[in-house]
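Below, each chain spelled out in residue letters.
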Amino acid sequence: MTPANFDFHCHSIVSDGFLPPREVARRAAENGVDLWALTDHDDIGGLVDAGAAADEFGMRFVNGVEISIEWRGVPIHIVGLGFDLADPALTGGLAALRHGRVERARRMGDALAAIGIPGVYEGALCFVTNPSLISRAHFARYLASIGIARDVPGVFQHYLTPGKPGYVDHRWVTLEESITWISGAGGVAVVAHPGRYKMSGADMRRFLDDFKDAGGRGIEVACGSHSPDHVMHFARLARHYEFHASRGSDFHGPDESYVDLGKAPPLPEDLKPVWRLLA
Ligand code: AMP
Ligand code: MN
Ligand code: MN
Ligand code: MN
């Protein structure tokens, strides 16, 4: 059955979203989503609840995750869809990634203390909703709450992006590892929000070559953070690479999202939608 509205990218309190998986499901269904994936950062702990809630609210459901990787030093996100939840390489790999986030967060706290803002790691922990998953979003929410900048985007702009005092380099996993985990667990790997990476056109093509060589099959063409020009541009790249196209809101919560669940732009009609690859 052809879905009327699929959303394959969003977050819950299992990572840096604001709603529990069941409430994300409810809101997706209310917004007309009929095929849904929850894609928390580096954690699949919400998927059992999400799947049950999808059932309850009349949506079809696909397992999802958004994996933090680095490619030639550039932090990139890979969405995995339709994998087996119990696959040990995937679950073990994600556990290691989450562990690395704690060490990174401590270094972020140290870096901010060095410019005269102490206690930020401890402060960020008050905003964490899953004790094993800390992200820059939690730092940003804490720093905004103490008035370091006007709002969360302001905190990112001045403190938490490359070159700014609270940003630290970090070893994520490689592109190849992430795709091996996803494919090995029977899933499909998709490039998340390609319009967000600070990369030249030539580097993007190099990245997509590597992604395809490693077994990646999909790309987000329509997502919350893409302009109409991004949609056209990445639609062209999807055709060129023969990738399947994905669509997702990247919803985090009512007040901290580009668009609401189910509200990403439509996919250009000639593209092969990624749900066709999922049973
Ligand atoms: P991390 O995975 O720890 O590097 O944190 C990245 C997360 O921070 C993203 O998934 C978003 O939720 C959030 N984020 C990144 N950049 C911004 C921004 N400019 N404004 C608001 N939130 C952001
Ligand atoms: Mn996030
Ligand atoms: Mn992302
Ligand atoms: Mn996301």
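So, here's what we can say about the structure. Each chain has its residues counted from 1, running along the sequence as written. In the order they appear in the text, chains get letters beginning with A and ligands get numbers beginning with 1. Reporting of local features is limited, given that this is a predicted model, to residues whose pLDDT is at least 70; pairs of side-chain atoms are given and counted only at 80 or more, and all residues count toward the totals for whole chains, interfaces and linings. Side-chain numbers come from the whole structure's heavy atoms, not from hydrogens or water.

### Thoughts on the environment of I146
As a reminder of what qualifies: Strands here mean DSSP runs of E at least two residues long; helices mean DSSP runs of H or I at least four residues long; both are numbered from the N terminus.
Considering the arrangement of structural elements, one finds I146 in the loop between α5 (136-145) and α6 (152-160). In the structure, I146 is positioned 22 residues away from V168 in sequence and 21 Å away in space, judged by C-alpha atoms.

### Here's the deal with helix α8 (residues 201-213)
Under the convention used in this document: A helix is expected to reach a length of 1.5 Å times the quantity of its residues less one. With a 1.4 Å probe rolled over the protein chains alone, any residue whose accessible area is under 20% of its type maximum counts as buried; one over 50% counts as exposed, and the rest are partly exposed. Arc definition: it is the arc formed by the directions from the helix axis to the C-beta atoms. Any two residues whose heavy atoms approach within 4.5 Å are treated as being in contact.
Its 13 residues give α8 an end-to-end C-alpha distance of 18 Å, which sits within 8% of 18 Å, the value for a rise of 1.5 Å per residue. Those residues of α8 not exposed but buried are M204, F207, L208 and F211. End-on, the buried residues of α8 take up no more than an arc of 100 degrees, which puts them together on one face. Residues of α8 that are buried in the fold lie against β3 (60-71), β4 (74-81), α7 (175-184), β6 (188-191), β7 (218-223) and α9 (228-241). Phi turns positive one or two residues past the end of α8, at G215, with a value near 110 degrees.

### A few points about the coordination of the manganese ion (ligand 4)
For clarity, the cut-off: Counted as donors are the N, O and S atoms within 2.8 Å of the metal, or 3.2 Å for Na, K and Ca, while water is not among the atoms, so some sites may look incomplete.
Listed as protein donors to the manganese ion (ligand 4) are H9 (NE2), H11 (NE2), E66 (OE) and D250 (OD); their distances from the metal cover 2.1 to 2.2 Å. Here the donor residues for the manganese ion (ligand 4) map to a single chain with the spacing H-x1-H-x54-E-x183-D. The metal-metal distance between the manganese ion (ligand 4) and the manganese ion (ligand 2) comes to 4.8 Å. Taken together, the residues span a long stretch of sequence, with H11 in the loop between β1 (6-7) and α1 (21-30) and E66 in strand β3 at a distance of 55 residues. This pair shows no difference in class: H11 is buried, exactly as E66 is.

### Comments concerning the pattern of salt bridges
Which entries qualify depends on this criterion: Counted as salt bridges are all cases of a side-chain nitrogen of Lys or Arg within 4 Å of a carboxyl oxygen of Asp or Glu.
A complete count under the given rule lists twelve salt bridges for this structure. Between R26 and E23 there is a salt bridge; the shortest N-O distance is 2.9 Å. Of this pair, R26 and E23 both sit in helix α1, three residues apart, which is roughly one turn of the helix. Take E23: its relative accessible area is 26%, and that puts it in the partly exposed class. Among the salt bridges present, the one from R101 reaches D42, with a minimum N-O distance of 2.9 Å. With R101 in helix α3 (residues 88-114) and D42 in the loop between β2 (35-38) and α2 (47-56), this residue pair connects regions lying 59 residues apart in the sequence. Taken together, the salt bridges that share partners define one network made up of R22, E23, R26 and E56.

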